[in-house]
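Structural overview for review
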Amino acid sequence: MFAGLTLLLIPLAVMGARAASTPTASSACSIGGTAATVTGIELDAVQMGHAQTIATVAAARGLDPYAATVALATAYQESRIRMLANDGSSPELTAEQAAVTATSLQHPHDGIGSDHDSVNTFQQRWLAGWGTLAELMDPVYAAEEFYARLVEVPDWQTIPLTQAAQAVQVSAAGGAYARWMPLARELTAMLWPTALAAAAAPSGPAPAVCPGLPVAAGSWIRPTAGTVTSGYGSRWGTLHAGVDIAGPHNTPVYAAADGTVLRAECTSDYCDRDGSLSLAGYGNLVELDHGGGLATRYAHLSAFTVTAGQRVSAGALLGFQGSTGNSTAVHLHFEVRQDGAPVDPVPWLADRGVDLHASDGA
């Protein structure tokens, strides 16, 4: 992910002939919604996605909106609501500490910082006992840890925001949090209904906050923006039954063709956070039935937006790129299956006018 996001164009084609005008998808739309201007401050989809996570964690813990307001003001002051890794270049660190801190770069991030050993949206420090680097680079864990310390602050619900935030952060610039109170209040008001819905049904579909793509009936399209990072074939002694397309975290994923949702579910032991190679399953998975024994699979999603039995058109929003299940990096694992048997999606889609290796404008 990058601090400055540009439009990511998805090449689309109709079966047998290319459309006269090519629909596009944009990274300005993500799981948190579209980019928004809040109290005069422009927030992109990545920031809105992290803001939604922060609000949803508060709702899941049974906290009130004021807790989310405190957290959002803190996150904006500390990182502009971005998951920051740390390159370990701070002169305050020993060589060993710097090396450990730099491992944060191995995890999905939106930018790179160098303030001591601070990482993530809240700039939490592993040397100060906030958690391991792997834990701290998980947005859900980061928010949970912030709230765990916030609720221990005496009278946190009634004291001024900046006082509550500073009691958690112990920052050298503790008076700065109040500046972002209007932003945080408006963000909370925008995100709280979705946060409550997600907390009530954590394994259910996420809101379809991004519009679908305008695609002609019978068309096949590229299912997401990004770069092909792994193809179909033998990998580590087993069959990699699809193709991996990697883009920024929470990049929208769309139906490659008209179909019916066979399943939309978590297929691993957990899907509320990133997985690993030690975890089995596709993570959050959507599978579509296109008729005639043909199906497509969309795996490792951070969240899905459809339900089993739902009829969808080509270009309908299915979910968002993530790293759930047996995965170590953000991407979409896309499969095409005929009568249950996997086929290579690259030549299969090429026969239908879609070049997965073509530049998508990223």
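Parameters and conventions
- Within every chain, residues take consecutive numbers counted from 1 along the sequence as written.
- In keeping with the model being predicted, local features are shown solely for residues with a pLDDT of at least 70 and side-chain atom pairs are shown and tallied solely at 80 or more, while totals for entire chains, interfaces and linings include all residues.
- With hydrogens and water stripped out, all remaining heavy atoms of the structure feed into the side-chain values.
- Criterion for a salt bridge: a side-chain nitrogen of Lys or Arg within 4 Å of a carboxyl oxygen of Asp or Glu.
- Three labels apply to residues, based on accessible area from a 1.4 Å probe with only protein chains included: buried if under 20% of the type maximum, exposed if over 50%, partly exposed otherwise in between.
- Note on conventions: DSSP H or I runs of at least 4 residues are helices, E runs of at least 2 residues are strands, and numbering of each starts at the N terminus.
- We define the nonpolar core as a collection of buried residues of types Ala, Val, Leu, Ile, Met, Phe, Trp, Tyr and Cys that are connected through side-chain atoms lying within 4.5 Å of one another.
- Working rule for contacts: check all heavy atoms of both residues, and any pair within 4.5 Å makes them a contact.
- Values of pLDDT, ranging from 0 to 100, describe the predictor's confidence in every residue of the model.
- Note on geometry: axes are lines fitted to C-alpha atoms, helical ones only across the stretch in contact, with angles between N-to-C directions running from 0 to 180 degrees.
- If an angle is under 35 degrees, it is roughly parallel; if it is over 145, roughly antiparallel; if it lies from 65 to 115, roughly perpendicular; otherwise it is oblique.
- In this scheme the crossing of two helices becomes right-handed for a clockwise turn of the near helix relative to the far one and left-handed for an anticlockwise turn of less than a right angle.
- When residues are sorted by character, Ala, Val, Leu, Ile, Met, Phe, Trp, Tyr, Cys and Pro go into the nonpolar class, Asp, Glu, Lys and Arg into the charged class, and all the rest, Gly among them, into the polar class.

Glancing now at the pattern of salt bridges. Taken as a whole, this structure holds 9 salt bridges when the rule is applied. For Asp-244, the salt bridge identified is with Arg-235, shortest N-O distance 3.5 Å. For Arg-235, a relative accessible area of 28% corresponds to the partly exposed category. In this structure, Glu-335 and Arg-297 form a salt bridge, with 3.8 Å as the shortest nitrogen-oxygen distance. Note that Glu-335 is positioned in strand β22 (residues 332-338) and Arg-297 in strand β18 (residues 294-301), a separation of 38 residues in sequence.

A separate point is the nonpolar core. Ranked by size, the top nonpolar core spans 51 residues in total, and within it Leu-43, Ile-54, Phe-122, Phe-146, Tyr-147, Leu-150 and Leu-187 carry the most contacts. Going through the elements one at a time, β4 (36-38), β5 (41-43), α1 (45-60), α2 (65-79), α4 (133-136), α5 (139-150), α6 (161-169) and α7 (181-200) are the ones with two or more residues in this core. Residue contributions to this core peak at 8 residues, all from α2. Contacts of Phe-122, omitting those with residues within four sequence positions, involve Ile-54, Ala-71, Thr-74, Ala-75, Glu-78, Ala-142, Ala-143, Phe-146 and Gln-169. Counting 28 residues, the second largest nonpolar core, distinct from the first, contains Val-243, Ile-245, Ala-257 and Leu-349.

We now examine the environment of Gly-275. By the secondary structure assignment, Gly-275 is in the loop between β16 (259-266) and β17 (284-291). Beyond its immediate stretch of four places on either side in the chain, Gly-275 contacts Tyr-270, Ser-323, Thr-324, Gly-325 and Ser-327.

Per-chain confidence: the chain averages 87 in pLDDT, with 89% of residues scoring 70 or above. The model gives residues 1-27 a pLDDT under 50, and that stretch makes 69 contacts with residues more than four places away or in other chains.

With that settled, the discussion passes to the packing of α1 against α5. Contact geometry of α1 with α5 gives a least axis separation of 9 Å together with a crossing angle of 50°. With respect to their mutual orientation, α1 and α5 come out oblique. For the pair α1 and α5, the crossing hand works out as right-handed. In this structure, α1 contributes His-50, Thr-53, Ile-54, Ala-55, Val-57 and Ala-58 to the contact, and α5 contributes Pro-139, Val-140, Ala-143, Glu-144 and Tyr-147. In terms of residue class, the contact of α1 with α5 is made up of 8 nonpolar, 2 polar and 1 charged.

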